[in-house]
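# Residue-level structural notes
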Amino acid sequence: MSVSLRNFAATDAPIINRLSVAAFSQYQYAYNDWPAMTKVLEKMSEMAATAEIIIAEHDNRVVGAVGYLPPFAAKATHFKTEWPLIRMLVVDPDARGLGAGRALSDACIDHARRDHAAEIALHTSEMMTVALPMY
């Protein structure tokens, strides 16, 4: 595999914050207030306070990230509390096709197995045409 995974480090924060904006920028037309959404995306690293963030690298460069919330962690009410959750899977647009998204998804599933969860949840939308078939 050309992508390697590792745990998030505090020094990754500015990188994944920029990366999340870049990853979602192709969908900016779908948001009523893209500048407000950008402010949310620029804080992806803050998820480390409640989630495990997994980093994908290729050629010693961060190309993707995802948050994994374990079972019973605080999450939106439309998710069952016992479900682990895949959050904010992002891949650098210039690194798509390397398998980072699949590797990050698989890592979350592995974490769910580690946590003895029978199911895992995520939220996506119809505009995520590349991600939907993978999920």
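Look up a bit, the structure's there.
Throughout, a residue's number is its position along its own chain's written sequence, starting from 1. Where local features are concerned, this predicted model is filtered to residues with pLDDT of at least 70; where side-chain atom pairs are given and counted, the filter is 80 or more; whole-chain, interface and lining totals use all residues. Side-chain numbers come from the whole structure's heavy atoms, not from hydrogens or water.

### Considerations on the side chain of His111
Counting from the N terminus, the helices are DSSP H or I runs at least four residues long and the strands are E runs at least two residues long. Along the polypeptide, His111 turns up in helix α3 (residues 100–114). His111 gets classed as buried once you look at its relative accessible area, which sits at 15%. Excluding residues within four positions of it along the chain, His111 makes contact with Glu52, Ile54 and Tyr68. Relative accessibility thresholds used throughout: buried, under 20% of the residue-type maximum; exposed, over 50%; partly exposed, between the two (1.4 Å probe, protein chains only). In what follows, residue pairs with any heavy atoms lying within 4.5 Å of each other are defined as contacts.

### Considering the packing of aromatic side chains
Aromatic rings from Phe, Tyr and Trp, with only the six-membered ring used for Trp, were paired whenever their centres fell within 6.5 Å, and each pair was classed as stacked if the ring planes differed by under 30 degrees, edge-to-face if by over 60, and tilted otherwise. Per the stated rule, a full pass over the model turns up 2 aromatic pairs. For the ring pair Phe24 and Tyr27, a centre distance of 6.4 Å and an interplane angle of 70 degrees mean the geometry is edge-to-face. The residues Phe24 and Tyr27 share a single accessibility class, namely buried. Ring geometry for Tyr31 and Trp34: centres 5.8 Å apart, planes at 40 degrees, overall tilted. For Tyr31, a relative accessible area of 22% corresponds to the partly exposed category.

### A look at the pattern of salt bridges
A side-chain nitrogen of Lys or Arg and a carboxyl oxygen of Asp or Glu constitute a salt bridge if their distance falls within 4 Å. In this structure the tally under the stated criterion is 6 salt bridges. Measuring nitrogen to oxygen at the nearest pair gives 2.9 Å for the salt bridge that ties Glu57 to Arg6. Placement of the pair is Glu57 in strand β2 (residues 52–58) and Arg6 in strand β1 (residues 4–7), with a sequence separation of 51 residues. Given a relative accessible area of 27%, Arg6 falls into the partly exposed group. The partner of Asp115 in a salt bridge is Arg114, and the shortest N-O contact between them spans 2.9 Å. The network of salt bridges with common partners includes Arg6, Asp12 and Glu57.

### Re helix α1 (residues 13–24)
In this analysis, the expected span of each helix is defined as 1.5 Å times one less than the number of residues it contains. End to end, α1 covers 17 Å across 12 residues, agreeing with the expected 16 Å (1.5 Å per residue, within 8%). Those residues of α1 not exposed but buried are Ala13, Ile16, Asn17, Leu19, Ser20, Val21, Ala23 and Phe24. If you follow the buried residues of α1, they end up packed against α2 (34–41), β2, β3 (61–69) and β4 (85–91).

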